[in-house]
Every structure is written in structure tokens, then in C-alpha cells.
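# Report on the structure
Here is how the chains run, residue by residue.
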Amino acid sequence: APVATAQAPLNVGFILIGPVGDFGWSTMHDQGRRRMLEVLGDRVRATQVEAVAPPDFDRVATQLVRTGSRLIFTTSFSYFQATQRVAAQNPNVFWESATGTATARNLAIYNARFYEGRYVQGVIAARKSRSKTIGYVASFPVPEVIHAINTVMRGAWSVDPQMRIRVVWAGAWFNPGREADAARALIDQGCDVICQHTDSPAPLQLAEQRGNVFGFGQASDMTRFAPRAHLTSSVNNWGDYYVSRARAVLDGSWQPTDTWGGLDSGMFRLAPFTNMTPEEASEAERIRDALAAGTLQPFEGPITRQDGTPVIPAGQRLTDDQIRAQNYFYQGIEVQMP
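From a predicted model like this one, the values you see are computed outputs, not experimental measurements. (Residues numbered from 1 in each chain as written. Predicted model: local features only at pLDDT ≥ 70, side-chain atom pairs only at ≥ 80, totals over all residues. Heavy atoms only, no water.)

### Regarding the packing of helix α1 (residues 25-40) against helix α8 (residues 239-251)
Between α1 and α8, the shortest axis-to-axis distance is 7 Å and the interhelical angle comes to 50°. Regarding the angle of α1 to α8, the classification is oblique. Crossing angle aside, the handedness with which α1 passes α8 is right-handed. Contacts between α1 and α8 involve His 29, Gly 32, Arg 33, Arg 35, Met 36, Val 39 and Leu 40 from the former and Gly 239, Asp 240, Tyr 242, Val 243, Ala 246 and Arg 247 from the latter. Per-class residue counts for the contact of α1 with α8 are six nonpolar, three polar and four charged. (Axes fitted to C-alpha atoms, helices over the stretch in contact; angles between N-to-C directions. Helix = DSSP H or I, 4+ residues; strand = E, 2+ residues; numbered from the N terminus. Parallel < 35°, antiparallel > 145°, perpendicular 65-115°, else oblique. Left-handed = near helix turned anticlockwise from the far one by under 90°. Contact = heavy atoms within 4.5 Å. Nonpolar A, V, L, I, M, F, W, Y, C, P; charged D, E, K, R; others polar.)

### Side note on the side chain of Ser 129
By the secondary structure assignment, Ser 129 is in the loop between α4 (114-128) and β6 (133-138). On the accessibility criterion, Ser 129 (10% relative accessible area) is buried. A polar side-chain atom of Ser 129 sits 3.3 Å from the main-chain amide nitrogen of Thr 133. If near-sequence neighbours (up to four positions away) are discounted, Ser 129 is found in contact with Met 163, Asp 192 and Val 193. (Buried < 20%, exposed > 50% of the residue type's maximum accessible area, 1.4 Å probe, protein only. Polar contact = N/O pair within 3.5 Å; in protein donor to acceptor, adjacent residues only side chain to side chain.)

### Topic: helix α5 (residues 143-159)
The first and last C-alpha atoms of α5 sit 25 Å apart over 17 residues, in line with the 24 Å expected at 1.5 Å per residue. Summarising burial for α5: 14 of the 17 residues are buried, a large majority. (Expected span 1.5 Å × (residues − 1).)

### Observations concerning the side chain of Asn 236
Mapped onto the fold, Asn 236 is located in strand β10 (residues 230-236). Every residue in contact with Asn 236, bar those within four places of it in the chain, is listed here: Trp 25, Met 28, Phe 114, Ala 219, Met 267 and Phe 268.

### Points about the pattern of salt bridges
Scanning the model with the defined rule gives 19 salt bridges in all. The closest approach of N and O atoms between Arg 184 and Asp 181, which form a salt bridge, is 2.8 Å. Remark: Asp 181 and Arg 184 occur in helix α6 (residues 176-188); sequence separation between them is three residues, near one turn of the helix. In this structure, the salt-bridge partner of Asp 321 is Arg 324, at a minimum N-O distance of 3.6 Å. One end of the pair, Asp 321, and the other, Arg 324, are both in helix α10 (residues 320-324), three residues apart, so they sit about a helical turn from each other. By relative accessible area, which is 56% here, Asp 321 ends up exposed. With relative accessibility at 14%, the residue Arg 324 sits in the buried group. One salt-bridge network, held together by shared partners, links Asp 30, Arg 33 and Arg 34. (Salt bridge = Lys/Arg side-chain N within 4 Å of Asp/Glu carboxyl O.)

### With respect to the sheet that holds strand β11 (residues 258-261)
The parallel open sheet is built from six strands, whose spatial order is β2-β1-β3-β4-β5-β11. Of all the strands in the sheet, the pair left with one neighbour each is β2 (44-49) and β11. On average, adjacent strands in this sheet sit at an angle of 15° to one another, irrespective of strand direction. Summarising the sheet, strand β1 (residues 10-15) and strand β3 (residues 71-74) pair through four bridges and their orientation is parallel. Opposite Gly 13, over in β3, you have Ile 72 as the bridge partner. (Pairing = 2+ DSSP bridges.)

### Comments concerning the sheet that holds strand β12 (residues 268-270)
Spatially, β12-β10-β9-β8-β6-β7-β15 is the arrangement adopted by the seven strands of the open sheet, whose pairing is mixed. Each edge of the open sheet carries a strand with a single partner, namely β12 and β15 (333-334). In terms of strand pairing, β6 meets strand β7 (residues 164-169) through six bridges, oriented parallel. In the strand pairing of β7, Val 137 is matched with Val 168. Set on the sheet, α6 makes contact with β6, β7 and β8 (193-196); between it and β6 the angle comes to about 160°. Along the sheet, helix α7 (residues 202-210) contacts β6, β8, β9 (214-217) and β10; its crossing angle with β9, the most-contacted strand, is approximately 160°.

### With respect to the state of the cysteines
Counted under the stated rule, the structure contains zero disulfides. Summary of cysteine pairing: Cys 191 is not part of a disulfide, and the nearest cysteine sulfur, belonging to Cys 195, is at 9.7 Å. The buried category is assigned to Cys 191, whose relative accessible area is 2%. (Disulfide = S-S within 2.5 Å.)

Spelled out as C-alpha cells, the structure:
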């Protein structure tokens, strides 16, 4: 890796896929940046560029390098290939890619095991759904989204093997209009519990408006947007990671690590369980705690693809690399891969 230095202040760059006011993914990365500044004080400075479309990534990243950023966080899988390319072109800069899949000498990757929260969502959804059909507002068919949908399916099937999932692709990480349209289509198809892998509260707000429909938030606690419909959210915490990685550059210990933290790591938590019976909340807490303790593994076999092809038999478990490379849906998911 490039030689780290104790020279301060360290200039840190952040490239966000959405606006800091999306109330979801980018909002929480912005909170992580603020936490880094709070803890490290005048040892660091930060430059943040929000709502960067993937075609603009190279220009923004190059500008951050030219203006002195020596540690740059790129906060979307949509940037990963570009981050690899720009990191190779700038070997004296430390790069960190959120949801990436491979490291390099000056490139680390980091993510949280959000699929653990998705498994809990599947369990809750199966308890709350009357139609036995879960709706999923999805952004893009990338492995992180695919394995999240699969994990919701596994959680739901652990309660009721008759459960099904329908998916509508929004074609965006943050686009409230498209997200609401996708949720509307799913509700019109009979889905009465809505999951989302997009960043605005629009799907939840639509569920609230429709009535008798429940939903899950994304990245932050979205209870306030749908007080009668919201069940829980995965609440991201990037601040501790950003502090540790900036500190590693400052003290010369930075390494191109591969970080994938689960519920036990503090990289995310589940918001309070709302709009459910005490029995349903107790079950959700039990499943959450088992996932955090490692006594429940969402990717244990048997696992079968949509077309009936076996993936792994009982007694085996997908590796992390296999999870991160998933490009197929499980049985019970009613959508074709785009």
C-alpha cells in the first residue's frame, strides 16, 4: 500500500451516489463523515460531493485527488469498477469502496451484512402478510440487491413456505417518483408488505397512504414517515469505520482490508419493531439475536434456484465470495433477471 504519514490535517474525500437529504443511504454516509470530523477534530478535513452520477465519477474523483484528498471513500457499488481504475491511476492515494468485491494494494472495500436484517424482515413480513405476497422495490440487479431479495425469501419461508416475493425494478438508487410508482404497482398486484432497496421514504409513505399495507425503511429509522405502516429499518452506522480508517492513514497502519460487519459489529442495527404484536416483536428480537450470535446462518443449504436447480445441499453454507457473486434468484421469487 502507499506509505501512510502522520502529517495532519489529512484531507478525506467522500463521493455520494445520492443527496445528503435522501433520508437513507447517503444521509447515513454523511452522518458518518460528521462523526469522523467530531472524533478526529483538526487532524482531518473533509470534502464531500453528493449526487454524483456514475458517468461523472472519474471527473469528481480526479478533482478530489488534485485538490489534496489522500483518503477517498466511494460509497456505491455503481462506482466500483471506476474506483478500481482510478485507484490504479493514483497509487499514492488510499481508496475505500463501499460494497466492492475485490481489494488492491491501495484499495480497501467495506460493507455491512445487511442481509441479516433482510432475513428478519422476511420473518416479520410472513407474519404480517395476509396475501402471502411480499413486494420488493429494487434498484438494480447487482449482487448486493439480489442476495438481499433472496434473504428476505429465506426468512419468509422459515415461517411459511407458501410465501412469495414480487419485484419491481426502479432503475435508480434514489428517485422518489420511480420508487413510489414501483410500490404502487406492487400493492396493486396484491402485495401487502413492501420491502425496498432504494433510499427515499416514498415506498413507505405510499404504504401509509394506502392503509392495511406495511413496509420496511432503508438505511435510517423511517418510522416518522409512516407511523402506522413502518415495521423496522436497518439503521446504518459508518462513523466508527470512517474514524478508524482515517486514523489508520494518520498513524501509518492502513492496509487494503475487506470489511463486512454484521449485527454484532455495530455497523448497523435494527430500528425498534413497531406495528406488530408483542409475540411478533419477540420473535423478531429472537431471530435478530441469533443472527448476531452466529447461531442462525441465512445461507445454509439446501438452496435451490428459481428453475429448481440445486445450489448447495443441506449441511453446506455459501461462502462470502459466493454470497457476493449471487446472480440468481431463489424459488418463490416471481421476477426474471433483467
